[in-house]
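Structure at a glance
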Amino acid sequence: MAGQVKEISYNVIDVYRYEVYLSFSGTRYDGKVSIELEASGDVRLDAVGLSIRSTKVNGRDMPFEAVKDGILVRSGPFSGVLTVEFSGEAPDKLVGIYRAPYNGDYIISTQFESVHAREMFPCVDHPAFKARFKLVVEIPRDLHAISNMPIERVTLNGDRKVVEFAETPPMSTYLLYLGIGRWEELVDPRGKYLIATVPGRSGYGRLALEYARKSVDFYERYFGIPYPLPKMHLIAVPEFAFGAMENWGAITFRENALLAPESPDVAQRRRIAEVVAHEIAHQWFGDLVTMEWWDDLWLNESFATFMSYKAVDSFAPELRMWDNFLLGETDEAMLRDSLRATHPIHAKVNTPDEIESIFDEISYGKGASVLRMIEYFLGESFRKGLSSYLEHHAYSNARAQDLWEAIQPFTQVPVAELMNDWIMKPGYPYVRVLAEGSRVELEQHRFSLTGGVEDLTYMVPLTLSVNGRRLNVTMNSRTHVVEVGEPVRELRANLDRAGFYRVLYSDLSLLPPRLGPLESYGLLNDYYYFMMAGLVDKATYLKVAEGQVGATEYLPIYELSNELYELQLINSSFKDLALRIHRQKLQEVSSSPDETMRELAGRLANRLATMDRSYAEQLAPQAGKVTDPNMKQATYTAYAVATSDLEGLKRFYESEQLDSEKVKVITAAMYIPDRSVLERAIEWVASLKRQDLLYVFMAAYNPSGRDTLWSWIKSGMLDTVASAFKGTAIAWRWLGRALPLLGLGREQEVRSYIESRPEAAEPNVRAGLELLEVFSRVSRL
């Protein structure tokens, strides 16, 4: 391995093995790490927040000095063992090694992605320096420890014990895990899969355990490679910044992404299935084969996102995974990628400080959507190439080019040229489609909501249906003409909404009278954003929207609700239409026996309760009593809107056993219309779990609550948020999503305040301010 890594020179040729010993006393610990490595000069190790006592090379004392985020050992070139003695602590935070409190007790847990392993022990904290890890911990006898590998040996010594874990295969530092606490476990009959929780909660992991087994079975068949480790823990951490983390063999989760009540609602089942399948996909894509550096983060996240939807769809098709892929992953990615504050899928990352900002809609959603587009175009060649790639690069690192080279033997399509065009450029195109006699004329331009971007051209794998006949066209120039040999009577483009591009028709009358749900969704979604971008007027959008009001399928109804609900939040002139459609569709879907339509009914009811006080008053008495779990959120929201009774909401919160249910109450509280009560509600939410602090930003979706939220932000609370989520970019994603609504009517004030703060440089915040420009323009339509 080369010694020069981006801006840091480790002077390390290769790292082979770590032996880590940690002895805990409460949250403090003494440690010793022995690192087998080969060095070309003085060795630089990453270390943050640790007290270094001594360093030795092959048993001889060596001088060292502190450097930024690490130490420099004055060893000179050598091959052998570098030993460091040190001490550290697990503080109250959400990254590195940290203390996660619950019910008057706590566990110690770790979150090392992307560069936080250095906060537990000195190491070469870089994904390309894979090594084996031998972890040994000394802890109180009544506690239990979990790591990536099974426990190999336990030695008792009075009220203490030494727990020795089996050695890991070669892996990156960010995938190491250690959890210490009073864990309670639910074990699969085969003994391979284990749910770990704080006491009293493991039984809520049965659904996740089932999904884990099915996910592994799917991936083993799809990739043709067995799961590489002897066991898999799925660990519910009571304080957790992220949704989940793919530590190899010891996957950690926020509790509401792993644990579910006995009768969960459909959205909960889908979330647990998708998150479990996503993290298990990483056991191959990311853990077995790891990106060489963080600029190829998408190789981890895009593939895990794409594969998780494939996996869950294979064993739970009733969850409508691909519909929700479009509603979530693709839509959010296309929105972010239509702003100036975007970046290519393959992002330039030169320093560790830049890494957190690319865990975003582009690395996850756009990458996954482009993979879906390419698979739709390549077919079975795609799967064969993935299997070849994983087999060839197992236990090592890889780059994007390695993947294209693995796929190329199975197809005639120029894979590297096609994929590099998509991963190296920001943005995506919209394609104007014009029928003239027997010709279909195509013209592409980069789609932008705000302008000020380079009008790039893309290599577009375009799919058309002309007079009922499918045509595949690779469009790699500004204009392209397709001669179909007969007059064009009927025309559709972007079949099954598989492509990451938009379609602007010169003549909407050429569309067939009845579109399938995927293409109904695509038409609605495209014209909604065309209106926002000023490419079509309000009347044209409303004509398209009214044309889809008769849709009876889940996906177009959901999309129509998304659009009209957001529009009435931006511009009150849309509220009457939004109310009419929500009432109509709620009545239509409420009696459906289909469980996902009941989920949709719950979503429509929740939104209607925020728009219609009389409906909220009608629904509020069902709060705490509802029998259909899909209606639970709606009843809590209705109660908040109808009563502004914060004390009642607190009682509901205390009565719920699981985070997934408590979050429903927290979210509802942000819709309280009484501003003085909402102010207390925000303070209440801010006093709860550190991980749930960000739900206060939901008040931006409450027109009566924006002033209150803005006052809270200006009072200095962004400093509290920044401190709580230090080391991650999560807080700024939430703030970025709130700003476009929060800033309506106070655009200059919000911009000036935010731009005066350090987080103004965060890409997610810049995207939020940019989207505020768009919302402000739409508010005047």
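Note that the structure is a prediction, hence the values are computed from the model and not measured. (Residues numbered from 1 in each chain as written. Predicted model: local features only at pLDDT ≥ 70, side-chain atom pairs only at ≥ 80, totals over all residues. Heavy atoms only, no water.)

1. Some remarks on the sheet that holds strand 31 (residues 502-505)
- Across the sheet, four strands lie side by side as 29-26-25-31; this open sheet has mixed pairing. Because the sheet does not close on itself, it has two edges, and the strands there are strand 29 (479-483) and strand 31. For this sheet, the mean inter-axis angle between neighbouring strands, taken without regard to orientation, is 25 degrees.
- Note that strand 25 (residues 429-436) and strand 31 share four bridges and pair parallel. If you follow Val431 over to strand 31, its bridge partner there is Val503.
- Sitting on the sheet, helix 9 (residues 517-533) touches strand 25 and strand 31, and the angle it makes with strand 31 is about 80 degrees. (Pairing = 2+ DSSP bridges. Helix = DSSP H or I, 4+ residues; strand = E, 2+ residues; numbered from the N terminus. Axes fitted to C-alpha atoms, helices over the stretch in contact; angles between N-to-C directions. Contact = heavy atoms within 4.5 Å.)

2. As for the environment of Glu356
- Here Glu356 is to be found in the loop between helix 4 (321-337) and helix 5 (362-378).
- The exposure class assigned to Glu356 is buried, which follows from its relative accessible area of 10%.
- A sequence separation of 406 residues divides Glu356 from Glu762, and the C-alpha atoms of the two residues are 9.9 Å apart.
- Sequence-distant contacts of Glu356, that is, excluding residues within four places in its chain, are made with Glu113, Ser114, His116, Phe242, Gly727, Thr728, Ala729 and Arg733. (Buried < 20%, exposed > 50% of the residue type's maximum accessible area, 1.4 Å probe, protein only.)

3. Overview of the pairing of strand 15 (residues 151-157)
- Relative to strand 16 (residues 160-165), strand 15 runs antiparallel, the two being bridged by six bridges. Following the sheet pairing, Val154 is matched in strand 16 by Val163.
- Between strand 15 and strand 16, which pair antiparallel one after the other, the connecting turn spans two residues, and Gly158 there sits at a positive phi close to 65 degrees.

4. Details of a nonpolar patch on the surface
- There is a patch of nonpolar side chains on the surface, built from Ile151, Val154 and Leu156 and spanning about 240 Å² of accessible area.
- Along the chain, Leu156 falls in strand 15. (Patch = residues over 30% accessible without salt bridge, like charges linked within 9 Å, V, L, I, M, F, W, Y side chains within 5 Å. Areas by Shrake-Rupley, 256 points an atom, 1.4 Å probe, with all protein chains shown as cover. Salt bridge = Lys/Arg side-chain N within 4 Å of Asp/Glu carboxyl O.)

5. Considering the packing of helix 3 (residues 297-315) against helix 4
- Running from N to C, helix 3 and helix 4 cross one another at 155 degrees; their axes reach a closest spacing of 9 Å. Accordingly, the angle class assigned to the pair helix 3 and helix 4 is roughly antiparallel. Listed contacts from helix 4 to Thr305, Phe306, Tyr309, Lys310, Val312 and Asp313 of helix 3 are Met321, Trp322, Asn324, Phe325 and Glu329.
- Among the residues making up the contact of helix 3 with helix 4, the classes are represented as six nonpolar, two polar and three charged. (Parallel < 35°, antiparallel > 145°, perpendicular 65-115°, else oblique. Nonpolar A, V, L, I, M, F, W, Y, C, P; charged D, E, K, R; others polar.)

6. Description of the nonpolar core
- Ranked by size, the top nonpolar core spans 301 residues in total, and within it Tyr18 and Phe121 carry the most contacts.
- Per-element accounting of this core gives the leading share, eleven residues, to helix 3.
- Discounting residues that sit within four places of it in the chain, Tyr18 has contacts with Val33, Ser34, Ile35, Phe121, Pro122, Cys123, Val124, Ala131, Arg132, Phe133, Lys134 and Thr173. (Core = buried A, V, L, I, M, F, W, Y, C linked by side-chain atoms within 4.5 Å.)

7. Here we look at the packing of aromatic side chains
- On inspection of all chains with the given rule, the structure shows 46 aromatic pairs.
- An angle of 85 degrees between the planes, with centres 6.4 Å apart, marks the rings of Tyr29 and Phe86 as edge-to-face. Placement of the pair is Tyr29 in strand 4 (residues 28-39) and Phe86 in strand 10 (residues 78-89), with a sequence separation of 57 residues. Neither Tyr29 nor Phe86 differs from the other in exposure class; each is buried.
- With centroids separated by 5.3 Å and ring planes inclined at 80 degrees, the aromatic side chains of Tyr527 and Phe530 adopt a geometry described as edge-to-face. Of this pair, Tyr527 and Phe530 are both found in helix 9, three residues apart, which corresponds to roughly one turn of the helix. As far as the burial class goes, Tyr527 and Phe530 line up, both buried.
- Between the NZ or CZ atom of Lys425 and the centre of the ring of Tyr458, over which it lies, the distance is 5.5 Å.
- Over the face of the ring belonging to Tyr653 we find Lys662, whose NZ or CZ atom lies 4.3 Å from the ring centre. (Phe/Tyr/Trp six-rings, centres within 6.5 Å; stacked < 30°, edge-to-face > 60°. Lys NZ or Arg CZ within 6 Å of the ring centre and 35° of its normal.)

8. Describing the side chain of Thr342
- Structurally, the position occupied by Thr342 is in the loop between helix 4 and helix 5.
- Overall, the relative accessible area of 16% leaves Thr342 in the buried class.
- At 2.6 Å, the side chain of Thr342 forms a polar contact with the side chain of Asp337.
- Once residues lying within four places of it in the same chain are set aside, the contact partners of Thr342 are Arg336, Asp337, Ile362, Pro426, Gly427 and Arg446. (Polar contact = N/O pair within 3.5 Å; in protein donor to acceptor, adjacent residues only side chain to side chain.)

9. Observations concerning helix 6 (residues 380-392)
- Between its terminal C-alpha atoms helix 6 stretches 19 Å, which fits the 18 Å expected from 13 residues at 1.5 Å a residue.
- Here helix 6 has its buried residues at Ser381, Phe382, Gly385, Leu386, Ser387, Tyr389 and Leu390. (Expected span 1.5 Å × (residues − 1).)

10. Overview of the confidence of the model for the chain
- For the chain, the mean per-residue pLDDT works out to 95, and 99% of the residues sit at or above 70.
- Low confidence marks residues 1-7, where pLDDT is under 50. Its contacts with residues over four positions away, or in another chain, come to 25 contacts. (pLDDT = per-residue confidence, 0-100.)

11. Quick notes on helix 22 (residues 763-778)
- Given a rise of 1.5 Å per residue, 16 residues ought to cover 22 Å, and the 23 Å separating the end C-alpha atoms of helix 22 matches this to within 8%.
- For helix 22, a buried count of 13 out of 16 residues is recorded, marking the element as mostly surrounded by other parts of the structure.

12. Some details on the side chain of His343
- Turning to its location among the elements, His343 is positioned in the loop between helix 4 and helix 5.
- His343 gets classed as buried once you look at its relative accessible area, which sits at 13%.
- A polar atom in the side chain of His343 sits 2.7 Å from the side chain of Asp360.

13. Things to note about the sheet that holds strand 30 (residues 491-493)
- With antiparallel pairing, the three strands of this open sheet are ordered in space as 28-27-30. For this open sheet the edge positions go to strand 28 (469-475) and strand 30, each flanked by a neighbour on one side alone. The mean angle between the axes of side-by-side strands here comes to 25 degrees, regardless of whether they run parallel or antiparallel.
- Sheet analysis places strand 27 (residues 460-466) next to strand 30, joined by three bridges and oriented antiparallel. Counted as the bridge partner of Ser465 is Arg492 from strand 30.

14. As for the pattern of salt bridges
- Throughout the structure, instances matching the rule amount to 62 salt bridges.
- The salt bridge involving Asp105 is made with Arg182; its shortest N-O contact spans 2.9 Å. Of the two residues, Asp105 is situated in strand 12 (residues 105-111) and Arg182 in the loop between strand 17 (178-181) and strand 18 (184-187); the sequence distance between them amounts to 77 residues.
- Across the pair Asp594 and Arg320 runs a salt bridge, and its minimum N-O distance is 3.6 Å. Placement of the pair is Asp594 in the loop between helix 12 (575-590) and helix 13 (595-611) and Arg320 in the loop between helix 3 and helix 4, with a sequence separation of 274 residues.
- Relative accessible area serves as the criterion here: at 30%, Asp594 is assigned to the partly exposed category.
- Each of the salt bridges in this network shares a partner with another, and the network as a whole consists of Asp265, Lys632, Glu656, Glu661 and Lys664.

15. Quick notes on unusual backbone geometry
- In the segment running from Glu113 into Ser114, the intervening peptide bond is cis, with an omega of 5 degrees.
- Mapped onto the fold, Ser114 is located in the loop between strand 12 and strand 13 (132-140).
- For Asp69, which is not glycine, the phi dihedral falls at a positive 60 degrees.
- Positionally, Asp69 belongs in the loop between strand 8 (64-67) and strand 9 (70-73).
- What makes Asp69 partly exposed here is its relative accessible area of 32%.

16. Re the environment of Ala669
- Along the chain, Ala669 turns up in helix 17 (residues 659-669).
- Apart from residues lying up to four places away in sequence, Ala669 is in contact with Ala640, Leu649, Leu678, Ala681 and Trp684.

17. A word on the environment of Thr596
- Along the polypeptide, Thr596 turns up in helix 13.
- On the basis of relative accessible area, Thr596 is assigned to the buried category, the value being 1%.
- The spacing of Thr596 and Val198 is 398 residues in sequence and 32 Å in space, taken between C-alpha atoms.
- Those residues in contact with Thr596 that lie beyond four places of it in its chain are Val266, Arg270, Glu318, Leu319, Arg320 and Tyr554.
- Of the polar contacts made by the side chain of Thr596, one reaches the side chain of Arg320; its length is 2.6 Å.
- At 2.4 Å, the side chain of Thr596 forms a polar contact with the side chain of Asp594.

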